[in-house]
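# Analysis of the macromolecular model
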Amino acid sequence: MTSTIIRTAFAAGGLVAGASLAAQAQSIEARVPNLQAVDGPVSVTASGATIVNQGLQGVARLSATTRDFLGDTLGSFSSLAVDLSTWRRNGDTYTGTLYTLPDRGYNNPDGGLFSDYAGRLNRFTLSFTPYTGSAALPQATGSQRQITLTPDSGIVLTDARGQRFSGLDPGAGTTTQAGSVLPSAATGPSAGRISLDAEGLARRLDGSFYVSDEYGPTIYYFSRDGRLQGLIGIPAALQPVTNGQLNFNSLNPPDTGRRNNQGLEALALTPDGRGLVTILQSATLQDSGPNQQQRANTRILYYDISGTPTPAAPTREYVLQLPVYQQNGNGTASNRTAAQSEMLALNDTQFLVLSRDSNGLGTGTTTPIVYKSVLLVDTASATNIAGSAYDGTTPLAPNGSLRAGITPVQTTEVVNILNPVQLNRFGMNLTTSPATQTTLSEKWEAMGLVPVLSERAPNDYFLLVGNDNDFLTRQGVINGQAYDAGITNDSVILAYRLTLPTYVDPLSLAVMKATAPTVLQSLGAGALGVAASATRSVQDHLSALRRGAGLPGPAAWGTGGPALWVGGDFVFADLPRNGGLTVERTIAQGSAGFDLPLTGPWRAGLAVGGGGGSLSRGQGFRQDQSAFTVAAYGGYYGPAFYAHAIVGGAPLIDFSDIRRPAAYGLTADAKASGSALALDGEAGLILDRDAVRLTPFAGLSHLSARIGGFTEQGAAGNNVAYGGLSVLQTTARFGAELAYTGFGGVIPSVRAAYNLGLGPQQSGGLFRLASVQSPLAVATAAIPFLTSDFVTAGFGLQGSLTDRLGWRVDYQAAIGTRAGVAHGVTAGLRYQF
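It should be emphasised that the depicted structure is a prediction, and the values quoted were computed from it without experimental measurement. (Residues numbered from 1 in each chain as written. Predicted model: local features only at pLDDT ≥ 70, side-chain atom pairs only at ≥ 80, totals over all residues. Heavy atoms only, no water.)

### Side note on the sheet that holds strand β47 (residues 778-784)
Pairing between the strands of a sheet is mediated by backbone hydrogen bonds and can be parallel or antiparallel. Going by this rule: When DSSP finds two or more bridges between a pair of strands, those strands are recorded as paired. Numbering of helices and strands runs from the N terminus, with a helix taken as a DSSP run of H or I at least four residues long and a strand as a DSSP run of E at least two residues long. Working rule for contacts: check all heavy atoms of both residues, and any pair within 4.5 Å makes them a contact. To get an axis, a line is fitted to the C-alpha atoms, and for a helix only the part in contact is used. The angle between two axes follows their N-to-C directions and goes from 0 to 180 degrees.
Across the sheet, four strands lie side by side as β42-β43-β46-β47; this open sheet has antiparallel pairing. Where the open sheet ends on each side, the last strands, each with one partner, are β42 (710-711) and β47. Across seven bridges, strand β46 (residues 762-769) lies against β47 in antiparallel orientation. The residue of β47 that forms the bridge with Arg768 is Val778. Sheet strands touched by helix α2 (residues 506-548): β42, β43 (720-722), β46 and β47. Its angle to β46, the strand with the most contacts, is close to 140°.

This is the structure we're talking about:
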């Protein structure tokens, strides 16, 4: 096993390191205390990204005498998870709901003492006001109050039979549930109940969660109310086997499989919710040598849970070489492995892993604290051993030496907890001879990430690191029975501020995937609406011209000379082109045109227009738009047949005040621009009988638009960058119009048509979390624009104010769309020279 050796010494300029913690495929080695006496940001570069540890900014402390919601001594924190949907920022203060996982209750394995402790999650209301001052707070427990934790009920874990789990060592006992053999005490009050030594917690956004266990090792999947739903399949290599049989006890080591009390300590969900990742606390027995520093080659297991929440086997599996260290920190050869205690997924290949020694407050010894760090682990270039012989009992690291041909993951230290300067600022220390109540405790086993929610620092997050105090208190109670552990070890959480450019925030990602398609669909619908508005007034003007052509009476609607006209339309409610998106839309548009006769019954003209409006969907969505439109048109108006065609569009569409509800109670704002093109043609027969004119017709409309890429602001790490969007919509219409010309100067008409969707009815949308450097932050979605055929129906009136000045008013509805009925009103004036 190759190593990077860390030698430290105090010099005039501060701490001097003999070698850095480089991102190399090898174990880190610390022979003397790995101290980092730095008062300020510390940057490291890994996989092309720069991670910045901006330092400790707050601490929480709960008295060891605190009771939980079941009346037992509060156990902290084998793992923790923040309900991200509750996380909010108000000025400089943050609040949210925190779930924590205790382990198996107060116990002393060396003395054979275990508790029949019911598995549970404890829930807290958390409030955090960071402290960034330079003055050191007093060395007292009262100095760790930047974070306050208020107990707020919890969740009791129950198995498939409705029974509670137990913390008792199972010995050789087992039970069978969900088709799996599981640890269970054979006799006593917990016989038949699953024995649980809970260590890892991974909470899904829907509230369901996974818990990993050391007895098994096992991963259990629970509903949001704590009822067992199923189990994850564990490779045979990790299962404890003695004399050919499963034996889950935690006192006598098995022949192969996980070490006692070194099971699946870490558990995390990838940000997209598709992967569940776990790490064995240290190497299996078959992958170790006789000495403790030879158990460094542990395993990372990745499960694909996109199809089922309880897959039978991992799809990816890697070797993680844990740091090794000298227990006494005296500079001699390393004799221990810094087992890992927790993990967080930054994306689907990078993870934060908490690795630590076993020194500090809670051990009852004066041994110096040597190593406690958070590592960045990158699996991208590592060898995937899933499904290989190493998932059986074939050793991958005989006597602790990794086999040739297996490339382990890369590791880089990103947070060194052993920073005496920063700990002193918050009234804490690293002194173990003697230890005090403010000495850093032994077991740090919990981590969580929550966003800083800063627009200026969108990649900044608070890393919460919690200790496991092992229920150590002089005034403890479990199941109504008092105990005295002989030592007091409070529950503590440290809060570091980190810049993590490759971290994909899971709630931001989920909200983006749910809301960004709506933004693009609204923009596409708005752009198509602008395209349609470029021809709609022209269409209605030409229809009125066609109805009046050849009729006796005033020349206001005649076709004999040049004419000027103006028109406007007002569209509201839902439109077919929305693709089923329920919106409230208000669009007003006006046009002015000039046309003149050509040879015979031919006419041609030009029109210009403009307008705008707004669209809102509720739930915080909004979009304002405006555009300038142009159109050219021409038509043939004979006594028995007509045909006309229009080419129009908008060279520039301005979308402003685009709002999207983002995660964490924030709202994202943006502006965008686009352009649109519209082509429309219609032809029909003119059938006159006395004063009734029947006009069957057929038409074709083609709309297209392009929206340029844009990026939101105002939502910090929630901001989304959108790629350009191209949309097309083609419809054919078949219908008829009935007009009555017997009222002298006024012509009423009714019109109905069936509209058939042709060609593409959706487009592809691309979007990503704007500040994140990870492919996992990129998403695509199909953006629909016409989800069903529809019927249009309407009526109109037209007449003359003078011999040369005509008027018209039309109403049309689109009926049968999935989003409801669309409404539109147009009106116009025409002056015939």
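From this point on, the discussion continues.
### Focus: the domain arrangement of the protein
One frequently used descriptor of interface size is the decrease in accessible area upon assembly of the parts. So the rule is basically this: The domain boundaries here were taken from an automatic or database domain assignment. The term buried area means the drop in 1.4 Å probe accessible area that two parts suffer when joined, counted for both and summed. When a carboxyl oxygen of Asp or Glu lies within 4 Å of a side-chain nitrogen of Lys or Arg, that pair is called a salt bridge. Any pair of N or O atoms that falls within 3.5 Å is considered a polar contact. Within protein, one atom must be able to donate a hydrogen and the other to accept it, and sequence-neighbouring residues count only if both atoms are side-chain atoms. Lys, Arg, Asp and Glu make up the charged group, whereas Ala, Val, Leu, Ile, Met, Phe, Trp, Tyr, Cys and Pro make up the nonpolar group; the residues left over, Gly among them, are polar.
Taken domain by domain, the protein consists of domain 1 (29-503) and domain 2 (509-832). When domain 1 packs against domain 2, the two sides together hide about 1400 Å² of surface, and 61% of this comes from carbon and sulfur. Between the two partners, domain 1 and domain 2, sit zero salt bridges. On inspection of domain 1 and its partner domain 2, the count reaches six residue pairs in polar contact (both at pLDDT 80 or more). Among the elements that take part in the side of domain 1 that touches domain 2, strand β7 (residues 79-90) stands out by supplying three residues, more than any other. Class assignment for the residues of the side of domain 1 that touches domain 2 results in ten nonpolar, four polar and four charged.

### Overview of the packing of aromatic side chains
Geometrically, a pair of aromatic rings is defined through the distance of the ring centres and the angle of the planes. Keep this limit in mind: Any Phe, Tyr or Trp ring, taking Trp's six-membered ring, that has another such ring centre within 6.5 Å forms a pair; planes under 30 degrees apart are called stacked, those over 60 apart edge-to-face, and the others tilted. Only protein chains enter the area calculation, which uses a 1.4 Å probe; residues under 20% of their type maximum are buried, those over 50% are exposed, and those in between are partly exposed. Criterion for a charge above a ring: Lys NZ or Arg CZ within 6 Å of the ring centre, and within 35 degrees of the ring normal.
Summed over all chains, the structure comprises 21 aromatic pairs. Measuring from ring centre to ring centre gives 4.9 Å for Phe128 and Phe462, while their planes differ by 75°; the resulting arrangement is edge-to-face. Residue Phe128 is found in strand β9 (residues 120-128), and its partner Phe462 is found in strand β30 (residues 460-467); the two are separated by 334 residues along the sequence. Of the two residues examined, Phe128 and Phe462, each falls in the buried class. On the numbers, 5.5 Å between centres and 75° between planes, the contact of Phe165 with Tyr220 is edge-to-face. One end of the pair, Phe165, is in the loop between β10 (147-156) and β11 (174-177); the other, Tyr220, is in strand β15 (residues 218-222), with 55 residues separating them in the sequence. The exposure class assigned to Tyr220 is buried, which follows from its relative accessible area of 0%. Taken together, the aromatic side chains of Trp87, Tyr94, Phe128 and Phe462 make up a single cluster linked through ring pairs. Seen from the ring of Tyr117, Arg120 lies directly overhead, with NZ or CZ sitting 3.9 Å from the centre.

### Side note on the pattern of salt bridges
The final tally for this structure, using the stated rule, is 34 salt bridges. Put simply, Arg425 and Asp39 hold a salt bridge, and the shortest N to O gap is 2.5 Å. Of the two residues, Arg425 sits in helix α1 (residues 420-425) while Asp39 sits in the loop between β4 (27-30) and β5 (42-46), which places them 386 residues apart along the sequence. Residue Arg425 is classed as buried on the basis of its relative accessible area, which comes to 9%.

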